[in-house]
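Structure assessment
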Amino acid sequence: MPEPVTFPPAFLWGAATSAYQIEGAVREDGRTPSIWDTFSHTPGKTAGGEHGDIAVDHYHRYRDDVALMAELGLTAYRFSVSWSRVQPTGRGPAVQRGLDFYRRLVDELLAHGIKPALTLYHWDLPQELEDAGGWPERDTALRFAEYAQIVGEALGDRVEQWITLNEPWCSAFLGYGSGVHAPGRTDAAASLKAAHHLNLAHGLGTSALRAAMPARNTIAVSLNSSVVRTVSQDPADLAAGQRIDDLANGVFHGPMLHGVYPETLFEATSSVTDWSYVQGGDLQLIHQPLDALGLNYYTPALVSAAGSAPTGPRADGHGASPYSPWPGAEDVMFHQTPGERTEMGWTIDPTGLHELIMRYTSLAPGLPLYITENGAAYDDKPDPDGRVHDPERIAYLHGHLSAVRRAITDGADVRGYYLWSLMDNFEWSYGYGKRFGAVYVDYSTLARTPKSSAHWYAQAARTGELPAVTTE
């Protein structure tokens, strides 16, 4: 029999969600439109024209959802705050009714012994800030710092774990480069400006939180850093891999962790931008001390130098668009990696998660790590008895959590894991067709049903040991 896979006693067993994907109530209590409200209501932008107006109605059902988390043995819950619910135009004073929802949610979590982890920004920029230029404009970073201060002052007494930004790569390059995410712009130069101003927002927001909250609180950022592999060791392929690594990873972790952008990034993007918007002192503002780093992982990338034109859409896993999210590296070829795939078409490869953890253990020695997103979409359906069996997700979780445990054995300081996602929800431009949840949601009734994987994960959370993988 293999040795059981056990975790340290203090390891956090969590699940994650984001505001626009679950809350609904988009016009209640003073909330105004975000870029995702606008984008999802624009014909042709989301599958079936679906949107998050109701989503899974968490705004009204949060007490039941927290009770369900407690039943599943979760010790932590990562959620995001809707900026336009708290500060409707992205400027000015807070709307207390919006903040009150998050106060109630946090109090409910604490009452059930669940540790809240609050993400300030999960892609839902107030539409009025986008109308003023959005993330390509420096002012948006300044507005973010004010927003961070508002939320920090309101919830810093009860929430100890804070995350400034979730996956700024998606905000910058899918939102302003390929246009498959809100606001749907397709401007390579603007995407790089957005990346810098997101970095600046992180730094300014971190400073604002530190000034507004008790010193005991921890501040992190969640990066969807890519595990970039090349098809060969040929110098041309390695150079292609470096360009993608800079655009996927170095553009964020360079300034955030070390106060510098990679010189190779400047060289590769020189035909797109001169980076003149990087002002003196910006890198010092961005490079704020962090208490932890969040890593989001789903699948590795496999690239090569330019070759013959690909016959299908770009195989980078980030949606179909004639515009590239890789400014200055549009000629790099992405290849489908071999192996089993999820409903997203993403290859299942737990070795990539281990590799990612060990890379950041080396890049940021001494910085605690959390896996703030990891999970899989499958075509889950209830059986005749109303139960939802998802053995594929159980196998996925077992493989990736085993990779986390191997990394801990290899010296990584990984302190928690947040399953993506707690429940099925609005999956951005894919609408409601991709189910990532451990809890099944019937979109006609909004009834919640824990899947087999939820019960499996609950046992792991309660015992600190991974149960066996079964087909039941």
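None of these values were measured; they are calculated from a predicted model.

1. Regarding the packing of aromatic side chains
Applying the stated rule across the entire model yields 36 aromatic pairs. With a centroid separation of 5.0 Å and 70° between ring planes, the pair formed by Trp-36 and Phe-39 is classed as edge-to-face. Note that Trp-36 and Phe-39 are positioned in helix α2 (residues 35–40) at a spacing of 3 residues, about one turn of the helix. Look at Phe-39 and you get buried, because its relative accessible area is 4%. Considering the side-chain rings of Trp-36 and Phe-426, the 6.4 Å spacing of their centres and the 80° angle between planes classify their relative orientation as edge-to-face. Here the residue Trp-36 occupies a position in helix α2, and Phe-426 occupies one in the loop between β11 (414–420) and β12 (439–441), the gap between them amounting to 390 residues. Note on accessibility: Trp-36 and Phe-426 belong to one class, buried. Through a chain of ring-to-ring contacts, three or more aromatic side chains come together here, namely Tyr-20, Trp-36, Phe-39, Trp-123, Phe-426, Trp-428, Tyr-432 and Tyr-443.

2. Details of the packing of helix α9 (residues 188–212) against helix α10 (residues 235–258)
Between two packed helices, both the angle of their axes relative to each other and the distance between the axes serve to describe the pair. With their axes 10 Å apart at the nearest point, α9 and α10 run at an angle of 35° to one another. Crossing angle aside, the handedness with which α9 passes α10 is right-handed. Residues Leu-192, Ala-195, Asn-199 and His-202 of α9 form the contact with α10, whose participating residues are Leu-247, Val-251, Phe-252, Pro-255 and Met-256.

3. Examining the environment of Ala-212
Structurally, the position occupied by Ala-212 is in helix α9. Here Ala-212 falls in the partly exposed class, since its relative accessible area comes to 22%. Setting aside anything within four residues of it in sequence, one finds Ala-212 in contact with Gln-149, Gly-152 and Glu-153.

4. Some details on the side chain of Ser-84
With respect to the helices and strands, the residue Ser-84 is situated in helix α4 (residues 83–86). Look at Ser-84 and you get buried, because its relative accessible area is 0%. If we skip the residues at most four places from it in the chain, Ser-84 touches Gly-30, Arg-31, Thr-32, Pro-33, Ser-34 and Pro-126.

5. Structural notes on helix α7 (residues 138–155)
With 18 residues, α7 should reach 26 Å at 1.5 Å per residue; the first-to-last C-alpha distance of 26 Å fits that figure. For α7, the set of buried residues is Thr-140, Ala-141, Arg-143, Phe-144, Ala-145, Tyr-147, Ala-148, Ile-150, Val-151, Gly-152, Ala-154 and Leu-155. On its buried side, α7 packs onto α4, α5 (96–111), β3 (115–121), α6 (127–131), β4 (161–166) and α9.

6. Quick word on the sheet that holds β4
The strand order around the closed barrel built from 8 strands is β1-β2-β3-β4-β5-β7-β10-β11, with neighbouring strands paired in parallel fashion. For this sheet, the mean angle separating the axes of adjacent strands, direction not counted, is 25°. Pairing analysis gives 2 bridges linking strand β5 (residues 218–223) to strand β7 (residues 293–296), with the strands arranged parallel. Within β7, the position partnered with Leu-223 by the bridge is Leu-295. Helix α15 (residues 452–463) rests against β1 (12–16) and β11 of the sheet, and its axis sits at about 150° to β1.

7. Section: the environment of Met-333
Positionally, Met-333 belongs in strand β9 (residues 333–335). Separated by 131 residues in the primary sequence, Met-333 and His-202 place their C-alpha atoms 31 Å from one another.

8. A word on unusual backbone geometry
With omega at 10°, the peptide bond leading from Ala-182 into Pro-183 counts as cis. Take Pro-183: it is sitting in the loop between α8 (168–174) and α9. If you check the backbone angles, Trp-123 has positive phi at about 85° while not being a glycine. Checked against the element boundaries, Trp-123 lands in the loop between β3 and α6. Judged by relative accessible area, Trp-123 falls into the buried class, the value being 7%. Of note, the phi angle at Glu-167 is positive, near 45°, even though the residue is not glycine. Within the secondary structure layout, Glu-167 lies in the loop between β4 and α8.

9. A word on the UniProt feature "active site" (unreviewed entry) in the chain
Look at the UniProt record and you will see "active site" (unreviewed entry) annotated at Glu-373. Within the secondary structure, Glu-373 is located in strand β10 (residues 369–374). For Glu-373, a relative accessible area of 4% corresponds to the buried category. Excluding anything up to four places from it in sequence, Glu-373 contacts Arg-78, His-122, Asn-166, Glu-167, Leu-295, Asn-296, Tyr-297, Tyr-298, Tyr-418 and Trp-420.

Cut-offs used in this document
- Residues numbered from 1 in each chain as written.
- Predicted model: local features only at pLDDT ≥ 70, side-chain atom pairs only at ≥ 80, totals over all residues.
- Heavy atoms only, no water.
- Phe/Tyr/Trp six-rings, centres within 6.5 Å; stacked < 30°, edge-to-face > 60°.
- Helix = DSSP H or I, 4+ residues; strand = E, 2+ residues; numbered from the N terminus.
- Buried < 20%, exposed > 50% of the residue type's maximum accessible area, 1.4 Å probe, protein only.
- Axes fitted to C-alpha atoms, helices over the stretch in contact; angles between N-to-C directions.
- Left-handed = near helix turned anticlockwise from the far one by under 90°.
- Contact = heavy atoms within 4.5 Å.
- Expected span 1.5 Å × (residues − 1).
- Pairing = 2+ DSSP bridges.
- UniProt positions renumbered as here; feature names shortened; annotations may be inferred.

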